[in-house]
Every structure is written in C-alpha cells, then in structure tokens.
2 protein chains.
Amino acid sequence: MSERIVGYTRYVDLIAPLAAGKEVFSTGMTHEVERCRKAIEFAAKGSVVSVVSSGDAGIYGMAGLILELVNNEGIDGIKVEVIPGIPAFVSAAAILGAPLMHDFASISLSDLLTDWRKIEERVEAAAKADFVIVFYNPKSSKRVEGLKKAMDIVGRYRGKDAPLGIVRNATREGEEAVITTVGEFDRYYGSVDMLTIIVIGNSSSYAAGGRIITPRGYNI
Amino acid sequence: MSERIVGYTRYVDLIAPLAAGKEVFSTGMTHEVERCRKAIEFAAKGSVVSVVSSGDAGIYGMAGLILELVNNEGIDGIKVEVIPGIPAFVSAAAILGAPLMHDFASISLSDLLTDWRKIEERVEAAAKADFVIVFYNPKSSKRVEGLKKAMDIVGRYRGKDAPLGIVRNATREGEEAVITTVGEFDRYYGSVDMLTIIVIGNSSSYAAGGRIITPRGYNI
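The model shown is predicted, which means the values in this text are computed figures rather than measured ones.

Caption draft 1: Spatial organisation of the environment of Ile78 of chain A. All names here are of chain A. Among the structural elements, Ile78 can be located in the loop between helix H4 (63–72) and helix H5 (88–96). What makes Ile78 buried here is its relative accessible area of 18%. C-alpha separation for the pair Ile78 and Gly155, spaced 77 residues apart in sequence, amounts to 48 Å. Contact partners of Ile78, with chain neighbours within four places excluded, come to Ile40, Ala43 and Ala44.

Caption draft 2: Molecular detail of the relation of the copies chain A and chain B. With an RMSD of 0.0 Å, chain A superimposes on chain B once it is rotated by 180 degrees and translated 0.0 Å along the axis. This pairing of chains is accounted for by a two-fold axis. Measuring from the rotation axis to each C-alpha of chain A, the shortest distance belongs to Ala105 of chain A, at 2.1 Å. Here 100% of the interface residues in chain A have copies in chain B that are interface residues too; the copies meet face to matching face.

Caption draft 3: Region of interest: the domain arrangement of chain A. Residues and elements named next belong to chain A. Domains assigned within chain A are domain 1 (4–72) and domain 2 (88–213). Computed from C-alpha coordinates alone, the two centres of domain 1 and domain 2 are separated by 28 Å. Tallying the contact residues gives seven residues for domain 1 and eight residues for domain 2. Overall, the association of domain 1 and domain 2 removes approximately 580 Å² of surface from exposure, summing both partners, and the carbon and sulfur fraction of that is 65%. On the domain 1 side of the interface with domain 2, the three residues burying the most area are Arg10, Ile59 and Tyr60, jointly 63% of the side's total. Across the contact surface, domain 1 and domain 2 share two residue pairs in polar contact (both at pLDDT 80 or more). Each residue belonging to the side of domain 1 that touches domain 2 can be placed in one class, and the counts come to four nonpolar, two polar and one charged.

Caption draft 4: Quick look at the confidence of the model for chain A. With 100% of its residues at a pLDDT of 70 or more, chain A has an overall mean of 95. Reported confidence for the predicted complex is 0.96 by ipTM and 0.97 by pTM.

Caption draft 5: The arrangement of the packing of helix H3 (residues 32–44) of chain A against H4 of chain A in detail. Residues and elements named next belong to chain A. Between H3 and H4, whose axes approach to 10 Å, the crossing angle comes to 60 degrees. Taken together, the axis directions place H3 and H4 in an arrangement best described as oblique. Both H3 and H4 take part in a crossing whose hand is right-handed. Of the residues in H4, those touching H3 at Glu32, Val33, Cys36, Arg37, Ala39 and Ile40 are Leu65, Ile66, Leu69 and Val70. Partitioned by chemical class, the residues of the contact of H3 with H4 number eight nonpolar, no polar and two charged.

About the thresholds
Every chain begins its residue count from 1, and numbering advances along the sequence as written. Numbering of ligands from 1 and lettering of chains from A proceed in the order in which they are written. Local features are withheld for residues below a pLDDT of 70 in this predicted model, meaning they are given only at 70 or higher, and side-chain atom pairs are given and counted only at 80 or more; totals for whole chains, interfaces and linings count all residues. Values reported for side chains reflect all heavy atoms of the structure, with hydrogen atoms and water molecules removed beforehand. The helix count covers DSSP runs of H or I at least four residues long, the strand count covers runs of E at least two residues long, and both are numbered beginning at the N terminus. Relative accessibility decides the category of a residue: with a 1.4 Å probe and only protein chains considered, values under 20% of the type maximum give buried, values over 50% give exposed, and everything between is partly exposed. Any two residues whose heavy atoms approach within 4.5 Å are treated as being in contact. Fitting of the copies onto one another was done by least squares over C-alpha atoms, counting residues only where both copies have pLDDT of at least 70. For the domain bounds, the source is a domain assignment made automatically or taken from a database. Once two parts are put together, the accessible area they lose, assessed with a 1.4 Å probe and summed over both, is termed the buried area. What qualifies as a polar contact is a pair of N or O atoms within 3.5 Å, subject to a donor-acceptor requirement within protein and to the restriction that residues adjacent in sequence count only when both atoms come from side chains. Three categories are distinguished: nonpolar for Ala, Val, Leu, Ile, Met, Phe, Trp, Tyr, Cys and Pro, charged for Asp, Glu, Lys and Arg, and polar for the others, with Gly belonging to the last. pLDDT is a residue-level measure of predictor confidence that goes from 0 to 100. Under this scheme, a helix contributes an axis fitted over its contacting stretch, all axes are lines through C-alpha atoms, and angles between N-to-C directions fall in the 0 to 180 degree range. Throughout, the term roughly parallel applies to angles under 35 degrees, roughly antiparallel to angles over 145, roughly perpendicular to angles from 65 to 115, and oblique to all others. By definition, any crossing whose near helix is turned counterclockwise from its far helix by less than a right angle is left-handed, and any crossing with a clockwise turn is right-handed.

In structure tokens, the structure reads:
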C-alpha cells in the first residue's frame with residue numbers, strides 16, 4: 001500500500017479518492033525531474049511511494065525518468081516496479097472504433113526534448129510504410145506549426161479521404177471525439193491541444209457507422 | 001452484464017471465473033471469423049455478448065473484425081462497444097523496464113493476412129527512423145524464417161549492443177522475460193513463439209540494473 005503519492009497536479013487530482021490520507025507531493029508541468037527526484041528521496045527513506053502518470057507510465061510517462069535517475073545516481077536499495085496501464089492512444093482508439101487493427105507507429109510531436117528533424121523523419125517513415133499513425137502532444141499554445149508540417153508530410157503519402165480521428169480527454173471528464181479525414185483536418189486544427197490524441201488510418205482504413213475501421217486482412 | 005461469452009478457447013479459459021453461469025461459445029485459433037459471426041448472431045437475437053480478446057481488443061484483436069462484419073453485412077440494431085485493455089506489448093514493456101519512453105512502432109510478423117514484402121518494408125522504415133520496435137507474432141511452428149529476415153534488417157540500422165527484450169506470457173502464468181542485445185539475439189531464437197513479444201530499443205536505449213531504459217531526453 002502506498003504511503004506517499006507523487007505526480008503532476010492535474011493527475012493527482014484525478015485520483016483524489018485514492019490519495020486520501022496519504023502524503024501528496026505534486027507540481028506543475030515541466031517539473032518532471034524535480035518530482036521524480038522527490039519520489040526517489042522518499043523511497044530512499046523507506047517509504048512506499050507511488051508516482052502517478054496518466055495512461056501508461058511507460059509511454060511518454062514517468063517510468064523511464066525514475067529508472068534513469070535511480071541508475072544514473074547509483075542509488076541502491078530502492079525497488080522500482082512499473083505497473084502497466086491503458087495508454088491514452090488505446091483509450092482513444094477504442095472510442096474511435098478499431099483503427100489500430102494493423103501495424104501502427106506512435107510519434108510525439110513535442111520538440112521540447114527531441115530534435116524536430118528526427119520527428120519529421122519518423123512521420124515520413126511511418127506515412128511512407130503505411131503504418132496507422134498516432135500523434136501524441138500534437139500542439140500546445142506555444143507550439144502550433146509542427147502539426148501543420150507533420151500533416152503536410154502525411155498528406156504526401158495518405159489520400160485525402162483517409163480517416164483521421166481526434167480524441168480529447170479520452171475516458172476523462174470532457175471527453176470529445178471527432179472522426180474526419182486527412183483532407184478535412186484543417187477545419188479542426190484550432191481544437192487540437194496537448195490533451196489531444198490524433199489517429200490516422202492506413203491506406204486500407206475506412207470510416208463507417210461513426211467508427212474508424214482498419215481491416216486486419218481477413219477474407220470476409 | 002454479459003449473458004454470453006465468445007472467444008478463443010485459451011482466452012475464455014483465462015477468464016473462467018467471470019464466465020461462470022454464462023453461455024460460452026469458444027473455438028480454436030484461425031476460427032476468428034466464425035466466432036465473430038456467432039457473437040453477432042447472438043447479439044441480433046437480443047443477447048448482451050462479450051467477445052474476449054487478450055490484451056487490448058483493438059490491437060491485432062477482435063474489435064475490428066466485429067465492426068467489419070457488422071458494417072459489411074448491414075446489420076442494424078446492434079450496439080458495439082469497444083472496451084480498451086492493457087495491450088500485451090505494454091505489459092511486456094513494464095516487465096522489461098521502460099523501453100517505450102520514446103516513439104515506437106508495432107509490427108506483426110505474421111504473413112498469414114499480410115503480404116511479407118509490406119512487413120519487411122515496415123521493419124526497414126521503423127529501424128531506419130530509429131523507432132523503438134515491437135514485434136508481435138514473431139514466430140510460429142510453421143513460420144520460422146520471417147523473424148530471421150526481420151532481425152537482419154534491424155541489424156543493418158541498430159548496433160549489436162542495442163538492448164532487446166523478449167517476453168513470453170506477459171502477466172500470465174508461465175511469464176518469462178529475457179533482456180539481451182540485437183547481437184546476442186540468435187541464442188534465444190529457439191525460445192520465441194506466437195506468445196512472445198519482442199521489444200528492440202532505439203539508438204539511445206540501454207540496459208541497466210536488469211531493465212531496458214529508453215531516455216525521454218530530459219537533461220539529467
């Protein structure tokens with residue numbers, strides 16, 4: 001049973017009933033390293049600490065940072081357990097139907113920690129090789145141009161009618177989902193933010209009955 | 001509450017306590033279409049039916065086939081809900097540490113339903129663009145050569161020391177996990193089967209403390 005909870009303020013608020021009666025350390029966005037150091041400091045003192053991520057902690061979450069810090073700083077005697085969760089893109093896909101039924105690639109469009117050229121190269125590789133494509137962190141208030149560039153690349157390989165799903169706050173309060181196409185995406189550009197997941201079908205995907213379906217290849 | 005359960009025999013067995021007292025229809029592998037048709041037939045008669053997949057139903061699972069059949073056959077009045085789960089590769093990643101902390105691509109190596117050339121093209125694109133790579137269905141008793149070819153492609157882009165994780169029966173009875181490298185993978189070739197997930201790090205991934213860590217890029 002956890003004695004202390006560490007996490008991004010918004011995510012700790014989401015689990016308030018579970019955190020009741022425990023000591024909570026929460027900070028805002030971009031304070032990830034500070035939070036993880038605090039969690040390790042608590043654990044080194046013998047506490048059972050839970051670090052909260054949304055979705056799955058191992059996908060653009062806190063699991064890696066904790067393991068990096070424990071390893072880099074040669075801290076002994078701390079046992080780290082990574083508990084898997086339902087990733088945000090998997091929740092988003094379920095809301096959209098079944099877009100991930102064939103090979104897929106997940107790309108974060110945030111260039112805070114990654115060189116933009118590497119991001120573009122991955123978008124191009126995924127589009128060209130006909131992966132279903134998932135965009136994490138597609139756009140923030142300060143970072144608005146990357147998504148445009150990424151969609152231009154996608155548009156060179158994927159037809160205008162290829163289905164595209166936009167999901168905001170998947171399985172959370174304020175959940176919103178739209179199914180549109182690569183060609184019509186511009187109409188929704190303004191509604192995309194950091195809490196949005198974008199899923200773009202492969203060349204066989206189609207929309208039907210308000211769902212995106214990517215055929216697995218069964219002869220039916 | 002479900003009245004009927006439909007699924008692959010092995011997976012229905014795994015949820016035996018939940019299926020108790022319900023009518024169960026289960027068949028073996030390759031009978032996916034038959035099972036989904038049966039589920040739709042039950043639903044059309046007014047039953048609440050649960051179709052069981054392992055991991056997440058939307059990732060190489062049954063969600064897409066159900067939606068395809070309902071759409072193709074113009075069946076009205078059936079409500080299909082896709083319930084997201086923890087995908088097998090996410091469970092496998094948690095056991096291995098935090099290999100999925102940066103952009104990743106998932107590829108099924110089964111050429112039963114997909115042209116082998118398309119699979120090779122995706123492996124090459126993912127390796128070249130430095131995605132963390134996940135292989136589903138890497139090898140079966142009848143299909144042993146594909147994984148060799150795929151690893152040859154990976155070896156052209158990823159160093160011999162790149163960490164590689166092999167997980168069998170993730171979070172199930174008989175769970176086994178090995179952390180090795182791209183260069184040493186051949187030693188484990190014989191142990192890989194259809195229940196195995198393979199995760200290959202990107203060019204920054206490393207193994208430490210019995211875990212695979214892919215840095216997110218924080219300056220620590």
